[in-house]
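# Reading the structure
These are the residues of each chain, in order.
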Amino acid sequence: MASANRPHVFFLMCDELRADSLGFMGNSIVRTPHLDELAQDSVIFEQAYTNCPMCVPARASLMTGRNPLSHGILDNAMRMVEDELPLPELLREHGYTTTMYGKLHVHRTPEQCGFDEFMNGSPDPYTSFLGIKEPEMRRKSSFKKNEGDIPLVIHGKSPTPPDQTSCSRLTEAYIDRIQDVPHSDHPIFHYLSLLDPHTPYMPTQPYADMYDPAELPLPDNAGRTLADKPITQRYFHKVRGFDKLDAEDYRKSMSSYYGLVTHVDDRIGKVIAKLKELELYDNSLIIFTSDHGAMMGEHGFIEKWGHMYEPVVRIPLLVKLPGGHNGGMRHQSFAEIIDIMPTVLDAAHIPIPEGVQGMSLLPVCRGEKAIHRTEAHSLYYCGSIHTEPALMIRDARWKLTHYPEQENIHDKLYGDHYLKYSAFFDQPLVEGELYDLQRDPYEQNNLFDDPAYIEIKEGLLSKLRSWKEGLGPLADYRGLEQANMNTVYKFILDQTNNWTKVAHAIQGQKGLTQCKRQQPVNVEQ
């Protein structure tokens, strides 16, 4: 039974939802009335960041309260170090009923994460992750895929009725389970994770026609050159086929994405309405967030891959406290996705384990503290082309990303890769990015190699090194190099393998690699 010391927790999460696509975050185009209403009762973290703009690492960070460098999932085809302890397991040990509806995606089973009940959802009757399944239906539909590795639908319309999509049916199942909560003898951690608005960007009607592409303004940096950017970005921009897109594609992609966002909002509205109907809303902890964001033409990218620009690393974060205290309060200090796990434990009066790197958000939510974090951190790593992860740090004004050892990317390409020994790799090697976000919010003027900013760059690089050293024993991601090249996991490298073969291998865990904990080096005196 829920109490002030053990409140019900309703955790609502989307995939690939960028922070600035919501009304309460300042978007005047997208219609999100239900989330805007929830925000009025919540503490709004306007500067919340993911610790990795990739699904699996971000979700593992959320579950463990620890950075990818520590829990060992640095990209989508890795498993966390075995001794990592997820949030649901801790809640279950302290008397919570733990339920999961939707996408978990941490390469552990729901049982291994500590969920008592789980439902992954039902497949969409007409569409899949990669497009429309039925040939006849496909011929009648309007959509476009990127012409590159892992071709995904970047804009289009789904033929599925709005109440029959996988996310819609999943939400209804989540709501049905809420019916039993008032009669339970235990508090509940009720987890809902929707795939939308992740690709395929293919909303159903009426959402598909809700936003006219011709009327959508493009960002100032749409389609901008990548000549002064790290080669990791140029590589993904090329191999994903984003270099073939134009302004019309960006607008249509934005229109489809916004349609998915409004559909998400309608579903969340149904959840909130049910909580209010059952008188569960007021005294429960409700958290709404996303694992990472997405690009809508910025720098010529759609979706994500290979970079840490603001649209992919900044995420929405609402924390509605039991009793609705400080509803509508906005926080400008930084928060990270690793802070969610200790926040839930703190609200449930459960000790936060040693080694958790996140910090409870409750002190700032209650007004007991003015500043939560003065900096935010993230990383990007693709195990088959990188030997070291790219790291990001940003403060109130400056943002720096460092991409080490990029010269190894060419060496890791297979001999028959179409970019091997090409002029593509003769371009200057740019090792990082530095932006003055007060003057350059669209991250267009890279100051990393500008001698006038050497002191700022070196200061931020020093902070990055200190932050990494302060994490404690890291996962041994360097030890994965041979495994990456000898397994089907190499799809992360060139991403041109048959996707079905790759998916089956990953489901069978043949294509996953796992870090061990780095051991301290003994130095003999």
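Since the model is a prediction, treat every value here as computed from it, not as a measurement.

For the structure on display, the rule yields 17 aromatic pairs. Arranged with centres 6.3 Å apart and planes meeting at 35°, the rings of Phe-11 and Phe-189 form a pair that is tilted. Here Phe-11, found in strand β1 (residues 9–14), pairs with Phe-189, found in strand β11 (residues 188–193); they are 178 residues apart in sequence, far enough to count as distant. By relative accessible area, which is 1% here, Phe-11 ends up buried. One aromatic cluster is present, formed by Phe-11, Phe-115, Phe-189 and Tyr-191 through successive ring pairs. Lying across the ring of Tyr-281, Lys-320 places its NZ or CZ 5.0 Å from the centre. When the ring centre of Tyr-421 is taken as reference, the NZ or CZ atom of Lys-420 above it lies at 5.3 Å.

Estimated volume of the second largest pocket: approximately 620 Å³. Lining the second largest pocket are 29 residues, with Arg-18, Asp-20, Glu-298, Pro-311 and Tyr-442 sitting closest to its centre. Breaking the lining of the second largest pocket down by element, the ones donating at least two residues are α9 (247–277), β13 (295–296) and α10 (310–313). Of the residues in the lining of the second largest pocket, the class split is 16 nonpolar, six polar and seven charged.

Okay, the nonpolar core next. In this structure, Phe-10, Leu-12, Leu-69, Tyr-235, Leu-275 and Phe-288 are the most contacted members of the largest nonpolar core, which totals 101 residues. It is α9 that contributes the most residues to this core, eleven residues altogether. Listed in part, the 43 residues of the second largest apolar core include Met-63, Ala-348, Ile-350 and Val-364.

Moving on, we come to the sheet that holds strand β6 (residues 117–119). In spatial order, the strands read β6-β5-β11-β1-β12-β16-β2-β17; together these eight strands make up an open sheet with mixed pairing. Both outer strands of the open sheet, β6 and β17 (330–331), are each paired with one neighbouring strand and no more. Sheet topology places β1 next to β11; five bridges connect them, and they run parallel. Of the residues in β11, the one forming a bridge with Phe-10 is His-190. Docked against the sheet, helix α2 (residues 55–64) engages β1, β11 and β12 (285–290), running at close to 165° with respect to β1. Contacts between helix α7 (residues 166–178) and the sheet are confined to β1, β5 (97–102), β6 and β11, with β11 contributing the most and set at about 170° to the helix.

What follows deals with the environment of Leu-38. As for its position among the elements, Leu-38 is in helix α1 (residues 33–40). Given the relative accessible area of 2%, Leu-38 is considered buried. The spacing of Leu-38 and Ile-272 is 234 residues in sequence and 8.0 Å in space, taken between C-alpha atoms. Apart from the residues lying within four places of it in its own chain, the contact partners of Leu-38 are Ile-272, Tyr-281, Ile-286, Phe-288, Leu-318 and Lys-320.

Below, the discussion takes up the pattern of salt bridges. Pairs may arise between side chains of opposite charge once their charged atoms sit close together. Counted under the stated rule, the structure contains 35 salt bridges. In this structure, Arg-18 engages Asp-20 in a salt bridge whose closest nitrogen and oxygen atoms are separated by 2.6 Å. Judged by relative accessible area, which is 32%, Asp-20 ranks as partly exposed. With its nearest N and O atoms 3.3 Å apart, the salt bridge here joins Asp-116 to Arg-92. Highlighted residues: Asp-116 in the loop between α5 (110–113) and β6 and Arg-92 in helix α4 (residues 87–93), separated in sequence by 24 residues. Residue classification places Asp-116 among the partly exposed residues on the basis of a relative accessible area of 36%. Here the salt bridges share partners, and the residues they tie into one network are Asp-15, Arg-59, Lys-103 and Asp-291.

What counts, and where the lines are drawn
Residues numbered from 1 in each chain as written. Predicted model: local features only at pLDDT ≥ 70, side-chain atom pairs only at ≥ 80, totals over all residues. Heavy atoms only, no water. Phe/Tyr/Trp six-rings, centres within 6.5 Å; stacked < 30°, edge-to-face > 60°. Helix = DSSP H or I, 4+ residues; strand = E, 2+ residues; numbered from the N terminus. Buried < 20%, exposed > 50% of the residue type's maximum accessible area, 1.4 Å probe, protein only. Lys NZ or Arg CZ within 6 Å of the ring centre and 35° of its normal. 1 Å grid on protein atoms, 1.4 Å probe; cavity = no way out; pocket = protein on both sides within 12 Å on 5 of 7 lines; lining within 4 Å. Points joined across faces, edges and corners; volume = space filled by probe spheres on them. Nonpolar A, V, L, I, M, F, W, Y, C, P; charged D, E, K, R; others polar. Core = buried A, V, L, I, M, F, W, Y, C linked by side-chain atoms within 4.5 Å. Pairing = 2+ DSSP bridges. Contact = heavy atoms within 4.5 Å. Axes fitted to C-alpha atoms, helices over the stretch in contact; angles between N-to-C directions. Salt bridge = Lys/Arg side-chain N within 4 Å of Asp/Glu carboxyl O.

Everything listed here is a matter of coordinates, which is why it stays silent on function.
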